[in-house]
Amino acid sequence: MKKTSTFLSIVLFITSIYSVSFGQEKIEKNPHFSVEVLTGYNAGFGTQANIKLTDFAEQFPFGLRLGAGYSVFNPGYSPDARRIFINNNTNGVPEKSGSAFDYRFDFLLPVSLFKIEHSYFVLGPRYSNFKGNFKYIGGNEDFDIISKQWGVGGGFESHFKMTRKVKLILAFGLDYFFNDTLTGHDTSYSPDNDNVNARKDNQNDNVRFVYKDADDAINQPEISPRAMIGLSFGF
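Per chain, residues are indexed from 1 in the order of the written sequence. With pLDDT at 70 or above as the cut-off, local features in this predicted model cover only qualifying residues; side-chain atom pairs require 80 or more to be listed or tallied, and sums for whole chains, interfaces and linings still use all residues. Based on all heavy atoms of the structure, the side-chain values leave hydrogens and waters out of the count.

Draft legend 1. Broad picture of the overall build of the protein. Counting its secondary structure elements, the protein contains three helices and twelve strands. By definition in these notes, contact holds between two residues if any of their heavy atoms fall within 4.5 Å. Taking as baseline every contact in the protein between residues at least 6 positions apart, the subset at least 24 positions apart corresponds to 66%. Surface accessibility of the protein: about 12800 Å² in total, with carbon and sulfur atoms responsible for 61%. Where helices and strands are cited, they refer to DSSP runs of H or I of at least four residues and of E of at least two residues respectively, numbered from the N terminus. The method behind every accessible area is Shrake-Rupley, applied with a 1.4 Å probe, and residues are considered shielded solely by the protein chains displayed.

This is the structure in structure tokens:
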């Protein structure tokens, strides 16, 4: 609930800024198609590719964009990942890696942002495929933890003309992903605690772990800030 309230507050703040900043001069619509490539911070180091269509219909205020990205980041706390999804063994040297593919559909609304001519307020749905890999060298354990999540995201970005068909992009935003089932080895934990083969916590009277324990241990996407730079190629 706290995370949801935080995200809604941010969305309302962004919307309020838009309501007072919108005021770009209305111009005749000319359909414009472009391909974008970006890199930077997206909950970790990330890259992103988009296809965008703007100014394609009179009276329609939004541009449309479809994108896909890939990020790498810390997947979580190795000792707890093992205890919650496998067993209570402590042998072996832990190694870990985390990544996520994210897919996004954006509505882009032109705004007047710091008097920059080509600026947009961005809002749309998100989908994430997360995978964290945990290895314990010498402990004979190597397993993945995965989740698939829907979300929403928003932000601002500005496009600066470099040549007739190339623009520099600066993009800043925040994505929020809803909790979903975490699955690893033969165990899964769901937000409603309809769990499968939940392990016992030998440090807490052998009570079974619940979803909150798994979510605290694993860094699946939740509130994900974005700050990226890239290029837009017009056609």
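Draft legend 2. Structural context of the environment of Ala227. Secondary-structure assignment places Ala227 in strand S12 (residues 223-234). The buried label applies to any residue whose accessible area, calculated with a 1.4 Å probe on protein chains only, is under 20% of its type's maximum; exposed applies above 50%, and partly exposed to all values in between. The class for Ala227 is partly exposed, based on a relative accessible area of 33%. Residues Ala227 and Tyr41 lie 186 residues apart in sequence; the distance between their C-alpha atoms is 5.2 Å. If we ignore the near neighbours within four places in the chain, the residues touching Ala227 are Gly40, Tyr41, Ala171 and Phe172.

Draft legend 3. Seen up close, the environment of Ser34. Its place among the elements puts Ser34 in strand S1 (residues 32-42). Separated by 20 residues in the primary sequence, Ser34 and Thr54 have C-alpha atoms spaced 8.6 Å apart. Beyond its immediate sequence surroundings of up to four residues, Ser34 is in contact with Asn50, Ile51, Lys52, Ser232, Phe233, Gly234 and Phe235.

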